[in-house]
Amino acid sequence: MASAVPYDPEDEVDDILHNNPFEEPSNTNNHVDDIYTNDSHTTIETTKPDNAINDDEATQPKQMESEETKKKNAEKQQEILKKLIPERFEQKDKYNVVIKVIGLERVGSLSNKKENPTIIFEVNTNLPTFRKKNHKNVRKSLDEFRNLFKYLNATLSESFIPSLPAPFTNYGINTKEDYKKTVNNFQVWFFRLCANPLIIRNEELAFFIESDFDTYYPVNQYKSPVSGLKRKTMKQFAPPYDEYTELAEFRPLVKSIYSICDSIQERLLKASRARKLMVQDENLFGKCFEQIDDKNVLYKKYGRVMTAVGDIDSIIASMDMATFYDGLTWIVRDTYVVKEALTNRHFLMRELLNAQANTKNRQEQVRKTRTKRDSNPIKVEETTRNMKLAHQYEADVSQKLNRVTQNMLIERNEWLSWYDKWLKSCIRSYVLKRIEYERKKLALLERVRIDVRKADPRGGLSRLGRENVSDRTEVSQSLEGDSWAGERRIRNDNDLKKLLNTEFDETLERAEQKTNGETTLDARNAASLLGVTTF
């Protein structure tokens, strides 16, 4: 965005003085003589005889010259980056911060337990901004984390500050799964935070860690670049021309990720609600099936199995939200932060354009003021001083924009790497949990398969004309693999036990022993089963 040749305000003053019509002509002979002297920077090319040409220089390939030119340009670019972002080119072991989350507490009212948990962690660092190297059992509420995030996001405009993870999950608070998942999310957040050398060198991080519990508020003052109605208005304008293609294409990419993930969340929420409504019908279907014939064991057993299958479907609906939906929530939050940071860079680019236009206006004022016959020396001095201030402001904004741009180019790749790994981990968790409970549902249905076959002396509908089907209880999951999927692999006894045994086995066994037709899996028992289920 800045001009290739830096502007020097003294050149403008010299041009005006040399073009003064009332000035006496200067002697130019010295300048002419300097052209032919050895001290002059101007040289005159002379032709050499053919036999004076070096053979090595004549045969040097152009490719070698281009490689050397590229190497020199890369070295120059590296030197520029070291001046713009010196924090990223220091030794990796010079300064570091290691934070380990060791616990989570939820105290107070229900809303406070859910929205404002207490994170317990330990810190080890060699940064000079900290008063000591080790900090143990540091306790911080989520409100303090929010204050730190707001400060870093407003002051470090050149970085993509990681957004805070959700304070709770869809597993439900006060469960082991919620505790484990929330602690892991905050550990990931600390990893991302400490991997950024610009963040760990900010003294506000030391103030945050060393302050007392529930007392931290940013010590330094901060202000967002553009906020409120002005920000909404400026975002409607077309972005300025960006010579860096990576960043010009990065913001539309991040915005599309934000929109797509938000749309997936909306559809996943609708599917989960529809599944829970289906569970009610499944439970009612199972209870009605039991009442068809109180004396027939098949109807009673099949009805209870269908009720249990409905309860598993309810667990699956909760699993979808706790694995995939919660994972997408963090992506949505993070993409919004990145998108707004790139928008702040657009505002800075517009600010540089305005600064350049202001500098040109100041230069024109100085020229007009000095060319007047009756120019006032005081006014000339004032306009010159304003021109220098405008030029200095332009230089500062240009340097800040260059620093923001170069650092965002680096963090762009880091963010895409995190996004790829996090999305894959969410999908993996979602698929594994779905497979686990679908297999448990299959194991329950296989319990009643032999009873269905025995209902008809000829084998019933399950045979479908296959006389070779045995009457033995056959399960699809065995030590040799999965017969339904055609999967062949060796399982140990623990793996097989985990697949064949479900949380509803004891309830079904007790139900089979009942002869008076009373159902055991009523609404209260189903709710208790969901409460103690190990997800």
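Residues numbered from 1 in each chain as written. Predicted model: local features only at pLDDT ≥ 70, side-chain atom pairs only at ≥ 80, totals over all residues. Heavy atoms only, no water.

Novice: Can you help me understand helix α12 (residues 297-371) in this one?
Specialist: Residues spaced three or four apart along an α-helix point in a common direction, a consequence of the helix completing one turn every 3.6 residues. Taking 1.5 Å of rise per residue, 75 residues should cover 111 Å, and α12 covers 111 Å from first to last C-alpha, within 8% of that figure. Of all bends in α12, the biggest is about 30°, found at Tyr325. Most of α12 sits out of view: 55 of its 75 residues are buried. One side-chain oxygen of the residue at the start of α12 lies 2.9 Å from the amide nitrogen of Leu298, identifying that residue as Asn296. (Helix = DSSP H or I, 4+ residues; strand = E, 2+ residues; numbered from the N terminus. Expected span 1.5 Å × (residues − 1). Bend = angle between axes of the 7 residues up to and from the residue. Buried < 20%, exposed > 50% of the residue type's maximum accessible area, 1.4 Å probe, protein only. Polar contact = N/O pair within 3.5 Å; in protein donor to acceptor, adjacent residues only side chain to side chain.)

Novice: Explain the side chain of Thr383 here, please?
Specialist: Of note, Thr383 is situated in helix α13 (residues 377-447). A polar atom in the side chain of Thr383 sits 2.8 Å from the backbone oxygen of Val380. Discounting chain neighbours no more than four positions away, the residues touching Thr383 are Val366 and Thr369. (Contact = heavy atoms within 4.5 Å.)

Novice: How should I be thinking about the packing of aromatic side chains in this particular structure?
Specialist: Ring pairs (aromatic) are described by centroid distance and by the angle formed between their planes. Per the stated rule, a full pass over the model turns up 21 aromatic pairs. Ring geometry for Trp418 against Trp422: centres 6.2 Å apart, planes inclined by 10°, an arrangement best described as stacked. Residue Trp418 and its partner Trp422 are located together in helix α13, separated by 4 residues, close to a single helical turn. The same class applies to Trp418 as to Trp422, namely buried. Through successive ring pairs, a cluster of aromatic residues spans Phe121, Phe145, Phe186, Trp189, Phe190, Phe208 and Tyr216. Against the face of Phe213 rests Arg139, its NZ or CZ located 5.7 Å from the ring centre. (Phe/Tyr/Trp six-rings, centres within 6.5 Å; stacked < 30°, edge-to-face > 60°. Lys NZ or Arg CZ within 6 Å of the ring centre and 35° of its normal.)

Novice: Which parts of the structure should I look at to understand the sheet that holds strand β1 (residues 97-105)?
Specialist: Strands in a sheet are paired, the pairing made by backbone hydrogen bonds, and the direction either parallel or antiparallel. Read across the open sheet, the 3 strands follow the order β1-β2-β3; overall the sheet is antiparallel. Two strands lie at the open edges of the sheet, namely β1 and β3 (134-141), each paired on one side alone. Taken over all neighbouring pairs, the strand axes of this sheet differ in orientation by 25° on average, direction set aside. Direction of pairing for strand β2 (residues 118-125) relative to β3: antiparallel, over a ladder of 6 bridges. When the sheet's bridge partners are listed, Phe121 is paired in β3 with Val138. Across the sheet, helix α6 (residues 142-155) touches β2 and β3, and the angle it forms with β3 is around 95°. Against the sheet, helix α9 (residues 203-210) touches β1, β2 and β3, its axis set at about 85° to β3. (Pairing = 2+ DSSP bridges. Axes fitted to C-alpha atoms, helices over the stretch in contact; angles between N-to-C directions.)

Novice: Can you help me understand the nonpolar core in this one?
Specialist: What tends to happen in soluble globular proteins is that the nonpolar side chains get buried as a cluster. Ranked by internal contacts, the top residues of the largest apolar core, which has 65 residues, are Phe121, Phe145 and Ile209. Looking at this core, the element that brings in the most residues is α12, giving 14 residues. Two domains each put at least three residues into this core: domain 1 (85-212) and domain 2 (226-453 + 490-534). Within the second largest apolar cluster, 13 residues are counted, among which are Leu298, Ala308, Val309 and Leu444. (Core = buried A, V, L, I, M, F, W, Y, C linked by side-chain atoms within 4.5 Å. Domains from an automatic or database assignment.)

Novice: Can you walk me through α13 in this structure?
Specialist: Given a rise of 1.5 Å per residue, 71 residues ought to cover 105 Å, and the 103 Å separating the end C-alpha atoms of α13 matches this to within 8%. At Leu409, α13 shows its largest bend, some 25°. For α13, the capping residue at the N-terminal end is Asn376, with a side-chain oxygen 3.2 Å from the backbone nitrogen of Ile378.

Novice: I would appreciate a short explanation of the environment of Phe289 in the present structure.
Specialist: Looking at the element boundaries, Phe289 is found in helix α11 (residues 245-290). Distance from Phe289 to Tyr302, taken between C-alpha atoms, is 7.6 Å for residues 13 residues apart in sequence. Discounting residues that sit within four places of it in the chain, Phe289 has contacts with Tyr299, Tyr302 and Gly303.

Read these as geometric descriptors, not functional statements.
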